[in-house]
Amino acid sequence: MLTTILIFLPIAAALIVWTVPLPRGWSGGLAFVAAFAEVGIWVGGAARFDYGGDLQYSARHNWFADLGVSYHVGFFGFSLWLAGLAVVVCALAIAYGVWVDRERERAYHGLMLFLTGSIVGVFASQDLLLFYAFFEAMLIPIYILVGVWGGPRRVAATITFVIYTMAGSMLMLASIVAFGISQHTFSLVDSGVSRNNWIFLGFAIAFAVKAPLLPFHGWLRAAYTESPPEVAAILSGVVSKAAVFGFIRIALPKFPGPVDHFRGTILVLAALGLAYGSLLAFRQPDIRSVIAYSSLGQMSLIVLGIFAGSRTGLDGAVLHSVNHGLVSAVMFLLAGMIERDYGTGEFARLGGAAKGRPILATILMTAGMFTLAVPGSTNFAGEFLILAGVFTQGWGYAAVGAAAMVLAAMYTLRVISAVLHERRGDTVPERAPDLRSDQLFIVIPLVVCLVALSVWPNAVSGHSFGGTQGSLPSLGGTTP
Amino acid sequence: MIGASIATPHVDWLALSPALALVGVSGVTLLGAVLVPRWFRHAFSATVAAAGFVTAGVLGGVLYDRSASPTALIADSMTRDRWAALAQVVIAGSGAVAVLIAWGAKRRDHVGEYFALLAAAGGGMAFFVQAANLMTLFLGLEWFSIALYILCALDTNRAKSLEAGLKYLIIGGFGSAILLFGSALVYGATGRLGFHEIAASGKAHDPLLVVGLALILTGLAFKASVAPFHMWTPDVYQGAPTSVTAFMAAATKVAAFAVMYRLLTTAFPANRELWTIAVAALACASLAIGNLAALAQRDVKRMLAYSSVSHAGFMLLAVSADSALGGRALLYYLIPYAAMSLGAFAVVAARERELQRQVSVESLAGMGWERPFYGAAMFAFMLGAAGFPLTGGMLGKLYVFSAAYDRGWWWLVVVGVVATVVSLYYYLGVVRSLYMRPSQSEVAELRLAPAGGSPPRDPALVLAVAASLAVTVGSFVFISPLVRLAHHAAAALFA
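Before going into details, it helps to say that this report is about the structure given with it. (Residues numbered from 1 in each chain as written. Chains lettered and ligands numbered in written order. Predicted model: local features only at pLDDT ≥ 70, side-chain atom pairs only at ≥ 80, totals over all residues. Heavy atoms only, no water.)

We now examine the overall build of chain B. When helices and strands are tallied, chain B shows 20 helices and two strands. Computed over the C-alpha atoms, the radius of gyration of chain B is 22 Å, within 12% of the 23 Å expected from 2.2 N^0.38 for a compact globule of 495 residues. Looking at the 495 residues of chain B, the share that counts as buried comes to 64%. Here the analysis covers contacts within chain B between residues at least 6 apart in sequence; of these, 80% occur between residues at least 24 apart. Element-wise, carbon and sulfur atoms account for 70% of the exposed surface of chain B, whose accessible area totals about 17,000 Å². In chain B, which carries 32 positive and 23 negative side-chain charges, the distance between the mean positions of the two groups comes to 4 Å. (Helix = DSSP H or I, 4+ residues; strand = E, 2+ residues; numbered from the N terminus. Rg over C-alpha atoms; globule rule 2.2 N^0.38 Å. Buried < 20%, exposed > 50% of the residue type's maximum accessible area, 1.4 Å probe, protein only. Contact = heavy atoms within 4.5 Å. Areas by Shrake-Rupley, 256 points an atom, 1.4 Å probe, with all protein chains shown as cover. Lys, Arg positive; Asp, Glu negative; His and termini not counted. Charge placed at Lys NZ, Arg CZ, Asp CG, Glu CD.)

As structure tokens, then:
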């Protein structure tokens, strides 16, 4: 029941916002309340969750029986964490939207709420077709949000984004059909394992596009720079984690043979993506492009962890997914605020903003420290676990990962110095207000989450795959 | 007495009632065109036609309920079964929505004739789907086709409409002739007309019969606008009055596919190796041609015409599976498809009435914000046609892919998937126009057309769009009961 509420509360709120003619300002308020109620419900659920157990808060109803499709939702430890990331980031993104006071507010807030619900749906799905439905449903609001409220080249960005994603999704649909018909069920809990490499590739490519992984990242920069910043925060912070969920929930347990077969290829691609993304991030001319390519690197790192073939790597991947979600959300939201205050995110025209703006400097610096995974931060813990996990597959991957940590430090410090220090940019006024309390309200909770995780990273990494012995977790009865 | 010596067959009036109801209504409306005063004629004809379609739909439902086992009618020339009854319900529903779309179109002349012909076409289709021998098949086909030829050309003051009527008449007539020729060859090979008798004749590998089968399939493919026999579709869809286009897109497809599936599975089961391959090839052709040609269209009605060609391809995937799952997939697919195409043409009709001219993708610009309900509905129809979730379009695609995969034809699934990706471009092009294209010059220019800037209120059209939207979304959420209906219907053919 809790899961169903978590999925459909924001969708119901979206329908209200769309259909009921609320007075101006109310739809934002309603979205805000629904989004934070969502966080509250999740916290309540997380507090009562048995982290040593299997699938929980599950609900199951037949949807159409002749193909064996059901509405089946529920959470494992790791997916509960991903859902938590989703509700927190979405709530703050909605708060950002309220702060910015987007025009066409009813359409806007409805779409944001709908997006929230469908993301939670993805993380809760225990049926392939339901997963696919939510996976696709996510795309609809993103498409409109970017296409209507995005930057000047938004339409081109949406076309690339949609074509990449849908090409992946359609391959996945073919794989779902093939898997479901040959297994006589679409349930992730009831189905067995498949040895078919082609079916696996259909899933893997869809997830690789969503993440994105190296050869499938063509949509990344345009989508992340042309979106409204709060949508970019959701895209890179949360939507990309649908790929993480897919890899962990579908690829690993259902395709053990193909995973072994393709492990080397995927690890090499991920290592290349990590190095490539980090190098590109260092050469980008504006804040959002840096975060975009940094995301490519970080997602590749997470995939290294997932395919490390060890429990350590997986734990690290889940922890780092949460870290990266929070960090990229905070960075995109800050980038949005900087763009709004100074009219640009280009390094050439920014600089010297630290003078007289201690709060901005502190927040950006703190977020930067998390991005570059300073020892002691939760990001460091995540990366360390991933690298330790992948070390068993070959020291080369770990070496690339360690080198990428250095690159991360370089590009993050470049952002910080280009915005805060150096000569004052022509768009930065000498005396301008610092971050105000309403802006702080949007970013501080994310930073607090990061600090809390730094104190106790084991909250996520030690509570993701409870109750399972051995090297890989068993999810819903099928042990790889 | 001479008459006493002729043994008249027993007539099952209930089985014929959907077709008869529509024929009756057609007659009443036609009389109304003469007897009812001009000022009241529109309301009278439209109301009677709507009532006729609703009655036919209800009778179809009753027929479905009471036809658990298929029975032959009137000397085995017709069938009473759930397959036909379900198709009749969908056809009648499409007709009712088409009447609603036509309601607000203020026709100056041929008001009575318009609705009379619409009802006659519906009656012909209801008759057609029950056909159980080649003679009734041809009779039904001509019956609804002739009504549609006239309907397409009914706007005699528009050259495009006349062009559409003429093109449809010539190419449709050509298709009918091919079908008739094929029927003659099959009769020549077997000496039988009934579907079951043809199957039982044991002449499956007679070259004459095989050629006849190919020709019959071609004739039906003309009606269903299956590529490469689709060339009339864009011109006719564009030129015909929009309410007629909507009816043709939805109901003709349902009728043609229901009959095609029945004919192939009951009359030619021994040739299945042959015709499944042929149908699969037609499916690939439709998917390729329909989607690629739709990419280049600027006129929305032409775009939707090519989109209907591509949907014919998806339906053929289900036909080619030749299984109970395929039959179920086909019938299920037809329901959201009919709703989406009716709804999309209804929105086009709304825009046409507002702008008083043909609707291009450009002239939809900004409609999503100006007319939120129509915009959101069109958004849903386009997403549904593209196979996005929350619409029956997605599950329809899933079903036809499942049927093809179940048959072992994974490559057909791949073709379908690639076609879907291509189709996104033009469906989302409409969405882009609705919401992301302000295009001030265009909007400013368009504002001139309707007086006062606000379109006339048209509750019937809103109702048509709302009904289509409800079916499009409802068939996603409540797929289970629909599939159960389709399951029982398909079971009639595989009994």
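Here we come to unusual backbone geometry. All names here are of chain A. Here the bond from alanine 211 into proline 212 is cis, since omega is -5 degrees, no more than 30 degrees from zero. The backbone of tyrosine 57 sits at a positive phi, close to 50 degrees, despite the residue not being glycine. With respect to the helices and strands, tyrosine 57 occurs in strand 1 (residues 56-64). Taking relative accessible area as the criterion, tyrosine 57 reaches 17% and is therefore assigned buried. For arginine 104, which is not glycine, the phi torsion reads 50 degrees and is therefore positive. Along the chain, arginine 104 turns up in the loop between helix 3 (77-100) and helix 4 (105-124).

Two faces, one strand: in a regular strand the side chains alternate between the faces of the sheet. Residues and elements named next belong to chain A. Across six bridges, the pairing between strand 1 and strand 2 (residues 69-75) is antiparallel. In the sheet register, alanine 59 faces strand 2, and the bridge partner there is valine 73. Hairpin connection, strand 1 to strand 2: the antiparallel pair is bridged by four residues, and glycine 68 has positive phi, about 75 degrees. (Pairing = 2+ DSSP bridges.)

Let us now look at the side chain of A:Ser194. All names here are of chain A. Along the chain, serine 194 falls in the loop between helix 6 (154-183) and helix 7 (197-210). For serine 194, a relative accessible area of 9% corresponds to the buried category. A distance of 3.1 Å separates the side chain of serine 194 from the backbone nitrogen of asparagine 196, its partner in a polar contact. Leave out the neighbours within four places in its chain, and serine 194 touches Phe179, Gln183, Ile199, Lys254, Phe255, Pro256 and Pro258. (Polar contact = N/O pair within 3.5 Å; in protein donor to acceptor, adjacent residues only side chain to side chain.)

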